[in-house]
Amino acid sequence: MTTRRIVVGAHYGLRDWLAQRVSAVVLLAYTLLLLGAVLFTRDLDYGSWAGMFSTVWMKVATLLAVLALIWHAWVGVRDIYMDYIKPTGVRLVLQVATVVALIGYAIWAVIILWRV
Amino acid sequence: MADIAAQKARPQYRNIGVNQIVSYRLPPAGIVSILHRISGAVLFLLGIPFALYLLQESLTSELSFQSYRAIVGSIPGKLVLLVLIWAFVHHAVAGIRYLLLDRHVGIQKDASRSSALAVLGITVALTAVLALKLFGAF
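Residues numbered from 1 in each chain as written. Chains lettered and ligands numbered in written order. Predicted model: local features only at pLDDT ≥ 70, side-chain atom pairs only at ≥ 80, totals over all residues. Heavy atoms only, no water.

*Asks:* Before we go on, may I ask you to explain the overall build of chain A in this structure?
*Replies:* Each helix and strand in chain A was counted, giving four helices and zero strands. Counting from the amino terminus, helix and strand elements in chain A follow one another as α-α-α-α. For 116 residues, the compact-globule formula gives about 13 Å, and the C-alpha radius of gyration of chain A, at 19 Å, lies well above that figure. Along the longest, intermediate and shortest principal axes, the C-alpha atoms of chain A span 65 × 40 × 25 Å. A sequence separation of at least 24 residues applies to 69% of the contacts in chain A between residues at least 6 apart. A total accessible area of about 7,900 Å² is found for chain A, and carbon and sulfur atoms account for 73% of it. Distance between charge centres in chain A, computed from 10 positive and 5 negative side chains, equals 13 Å. (Helix = DSSP H or I, 4+ residues; strand = E, 2+ residues; numbered from the N terminus. Rg over C-alpha atoms; globule rule 2.2 N^0.38 Å. Contact = heavy atoms within 4.5 Å. Areas by Shrake-Rupley, 256 points an atom, 1.4 Å probe, with all protein chains shown as cover. Lys, Arg positive; Asp, Glu negative; His and termini not counted. Charge placed at Lys NZ, Arg CZ, Asp CG, Glu CD.)

Right, dumping it as structure tokens:
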């Protein structure tokens, strides 16, 4: 028996390529959902707006969109760094700062939805 | 071998320099591509924090809802929103084109050129309509 070993590449390319497209579709769907919900709400005031976000389905949909957004933003921003930021140290610092910011945004989103 | 050396040097285009960016004429698909990247960066740097802040103000309480109203009602707030609206619309419309290209829809040269021009046209039109709505034209 021989083991096929692949000795080149980091092997996150296809996964990230697919993640970028799946998350894009989730974000497009959420955009249409939110747009539809707003358009079909008469008298959009605090009560109807907060009421919409107090439902379980809207919280689930919003959190799914936030997760898709975080992942999508990570892949996209990392690609920009890989193209333009050559010094490894600088790139690492930017990547870590980006990951920290994105996870922070996700936590913030949970807190916002938690309170509604 | 002497023939090759005698050949007229052909122009070479390697990585273009920063000072050449303005004079470098991109095809429509190239314009869509670089704007997709720029709009993505804008959405990350400005869009996510601003959208979350607005979501927080609009949802937390009646009182914070008033502050949300004040922010989106102010001229600076509207200008930031306008930039973000353009970035989001361009990123989404160009993104749909990329998803179609991935499905091998419109990958021929002519079709891809037309779809790139369509992306630019649809983005300008949608952004203009939303800008009119934002600034209270209707």
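*Asks:* Before we go on, may I ask you to explain the confidence of the model for chain B in this structure?
*Replies:* Caution is warranted with low-pLDDT regions, since their predicted coordinates should not be read in detail. The pLDDT averaged across chain B works out to 92; a share of 95% of its residues lies at or above 70. For this predicted complex, the interface confidence score (ipTM) comes to 0.90, while the overall pTM stands at 0.88. (pLDDT = per-residue confidence, 0-100.)

*Asks:* How should the packing of helix H2 (residues 28-60) of chain B against helix H3 (residues 62-73) of chain B be read in this particular structure?
*Replies:* A pair of packed helices can be characterised by two numbers: the angle between their axes and the separation between those axes. All names here are of chain B. Where H2 meets H3, the axes come as close as 5 Å, and the angle between the chain directions of the two elements is 140°. Put simply, H2 runs oblique to H3. In this structure, H2 meets H3 at a crossing whose hand is left-handed. Contact residues: Phe50, Tyr53, Leu54, Gln56, Glu57, Ser58 and Thr60 in H2; Ser64, Phe65, Ser67, Tyr68, Ile71 and Val72 in H3. (Axes fitted to C-alpha atoms, helices over the stretch in contact; angles between N-to-C directions. Parallel < 35°, antiparallel > 145°, perpendicular 65-115°, else oblique. Left-handed = near helix turned anticlockwise from the far one by under 90°.)

*Asks:* Help me out: how do you make sense of the nonpolar core in this one?
*Replies:* If you look at soluble globular proteins, the nonpolar side chains tend to sit buried side by side. Counting 27 residues, the largest nonpolar core has Trp49(A), Phe53(A), Leu102(A), Ile48(B) and Leu59(B) as its most contacted members. Per element, the largest residue contribution to this core is eight residues, and it comes from helix H3 (residues 56-84) of chain A. One finds Val32(B), Leu84(B), Ile85(B) and Val89(B) within the second-largest nonpolar core, a separate group that totals 16 residues. (Core = buried A, V, L, I, M, F, W, Y, C linked by side-chain atoms within 4.5 Å. Buried < 20%, exposed > 50% of the residue type's maximum accessible area, 1.4 Å probe, protein only.)

*Asks:* What is the right way to look at the interface of chain B and chain A in this model?
*Replies:* For an interface, size is often stated in terms of accessible area lost upon the parts coming together. Contacts between the two partners involve 23 residues from chain B and, on the opposite side, 27 residues from chain A. Both sides together, the interface formed by chain B and chain A hides about 2,200 Å², and carbon and sulfur atoms give 73% of it. When the buried surface of chain B facing chain A is broken down by residue, Arg37(B), Phe44(B) and Leu59(B) rank first, second and third, together holding 31% of it. At the junction of chain B with chain A, the criterion picks out two salt bridges. As a salt-bridge pair, Arg37(B) and Asp83(A) come within 2.7 Å of each other at their nearest N and O atoms. (Buried area = accessible area lost by both parts, 1.4 Å probe. Salt bridge = Lys/Arg side-chain N within 4 Å of Asp/Glu carboxyl O.)

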